[in-house]
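Listed below, chain by chain, are the residues.
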Amino acid sequence: LVAIDKRFLEKARAREYPHEIDHGNIKKFLSRRFDYLQKVRVMILNGGMYNVEEDEYVRVMKSVSIVLFKKYEASEVCLKDHPNFPVVELEPFDKCFKVPIHLPASLLCYHCDIVIGYSSATLYEAANMDKKSISLVKLVPTTKPNQIKEVIDYLEDHLEKGEIEYPIELDDLEAVLKR
C-alpha cells in the first residue's frame, strides 16, 4: 500500500518477492475500527501540489464541488488533507467528513468508490484497486509548462491495472462521475 518510487527501488537493488494482500480482511478491519467510513463513497485528496497557485486551485475545487454535489450528498464525500503540506481551506467541502491527518489515504481507498486528486500516489493506488481514480491535473492551471505531462507520466508509470481519468473540462468530470 505504500508508494515508493521505482527509481529508488532500483538504486537500492530491492528485489520483489511473492506475497498476497487480503483486501477483504483490510476492509473488515477498517470497518470495525473506523465505522464512520461506511458512508464514504468519494474521497477528495486536498493539497500536495507544486507549481499551482492556491487561489486558482480553490476556484477549480469550488467548481468541482458543484459537479460532485449534483450526484453525491456531503455525507458521502470525505476530504483528506495532505499530511506534509499546508492545509488548503476548501469551503464548499465544509459539510463533508474531514479525515484525520494521521489516517493514510491509501487505506481509505477500501471504503470509497471514487478518488479525486491532483498528483497524489493515492490516485494510482486507487486505480490499482480498481477504484475510479480522477486526476485534476488538466483542470487546475499550473505555472510550470511541463507540469501536466510530468504528473501524468508519474501516475501512469506506477499504474499496474485500472485507469486514471484526466478530465479537461467540468463537463468531462461530470461524464466520468456518471459512468
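Residues numbered from 1 in each chain as written. Predicted model: local features only at pLDDT ≥ 70, side-chain atom pairs only at ≥ 80, totals over all residues. Heavy atoms only, no water.

Draft legend 1. Spotlight on the side chain of S119. With respect to the element layout, S119 can be found in the loop between β4 (114-117) and α5 (121-128). On the basis of relative accessible area, S119 is assigned to the buried category, the value being 19%. Discounting residues that sit within four places of it in the chain, S119 has contacts with G48, V151, Y154 and L155. (Helix = DSSP H or I, 4+ residues; strand = E, 2+ residues; numbered from the N terminus. Buried < 20%, exposed > 50% of the residue type's maximum accessible area, 1.4 Å probe, protein only. Contact = heavy atoms within 4.5 Å.)

Draft legend 2. The arrangement of the packing of aromatic side chains in detail. Scanning the model with the defined rule gives 3 aromatic pairs in all. Centroid distance Y50 to F85: 5.3 Å. Interplanar angle 70°. Geometry classified as edge-to-face. Linking Y50 in the loop between β1 (42-46) and α3 (54-71) with F85 in the loop between β2 (77-81) and β3 (97-98), this pair joins segments that are 35 residues apart in sequence. For Y50, a relative accessible area of 57% puts it in the exposed group. Taking the relative accessible area as the measure of exposure, F85 reaches 23% and is therefore partly exposed. Seen from their ring centres, F69 and F93 are 5.6 Å apart, and the 55° between their planes marks the pair as tilted. Of the two residues, F69 is situated in helix α3 and F93 in the loop between β2 and β3; the sequence distance between them amounts to 24 residues. Among the residues examined, F69 registers a relative accessible area of 30% and is labelled partly exposed. F93 sits in the buried class, given a relative accessible area of 0%. (Phe/Tyr/Trp six-rings, centres within 6.5 Å; stacked < 30°, edge-to-face > 60°.)

Draft legend 3. Highlighting the sheet that holds β2. Read from one edge of the open sheet, 6 strands run β3-β2-β1-β4-β5-β6, paired in parallel fashion. Looking along the sheet, the strands with just one partner apiece sit at the ends: β3 and β6 (164-165). In the packing of α3 onto the sheet, the strands contacted are β1, β2 and β4, and the crossing angle to β1 comes to about 175°. Where helix α7 (residues 170-178) meets the sheet, it contacts β4, β5 (132-135) and β6, and its direction lies at approximately 170° from that of β5. (Pairing = 2+ DSSP bridges. Axes fitted to C-alpha atoms, helices over the stretch in contact; angles between N-to-C directions.)

Draft legend 4. Structural detail: a nonpolar patch on the surface. On the surface, a cluster of nonpolar side chains totalling about 270 Å² of accessible area is made up of I4, F8 and L9. Tracing the sequence through the fold places F8 in helix α1 (residues 6-11). Note on F8: relative accessible area 52%, which makes it exposed. (Patch = residues over 30% accessible without salt bridge, like charges linked within 9 Å, V, L, I, M, F, W, Y side chains within 5 Å. Areas by Shrake-Rupley, 256 points an atom, 1.4 Å probe, with all protein chains shown as cover. Salt bridge = Lys/Arg side-chain N within 4 Å of Asp/Glu carboxyl O.)

Draft legend 5. Quick look at the pattern of salt bridges. Within the structure shown, the criterion is met by 9 salt bridges. The residue R41 makes a salt bridge to E76 at a minimum N-O spacing of 3.6 Å. One end of the pair, R41, is in the loop between α2 (23-33) and β1; the other, E76, is in the loop between α3 and β2, with 35 residues separating them in the sequence. With relative accessibility at 33%, the residue R41 sits in the partly exposed group. Residue E76 is classed as buried on the basis of its relative accessible area of 18%. Note that D113 and R41 form a salt bridge whose closest N and O atoms lie 3.0 Å from each other. Highlighted residues: D113 in the loop between α4 (105-108) and β4 and R41 in the loop between α2 and β1, separated in sequence by 72 residues. Each of R41, E76 and D113 takes part in a single network of salt bridges with overlapping partners.

Draft legend 6. Looking closely at the nonpolar core. In terms of nonpolar packing, the biggest core is built from 53 residues, with M43, I44, L68 and F93 touching the most fellow members. With 7 residues, the single largest contributor to this core is α3. If sequence neighbours within four positions are ignored, I44 has contacts with M61, L68, V77, C78, L79, K80, F93 and I116. (Core = buried A, V, L, I, M, F, W, Y, C linked by side-chain atoms within 4.5 Å.)

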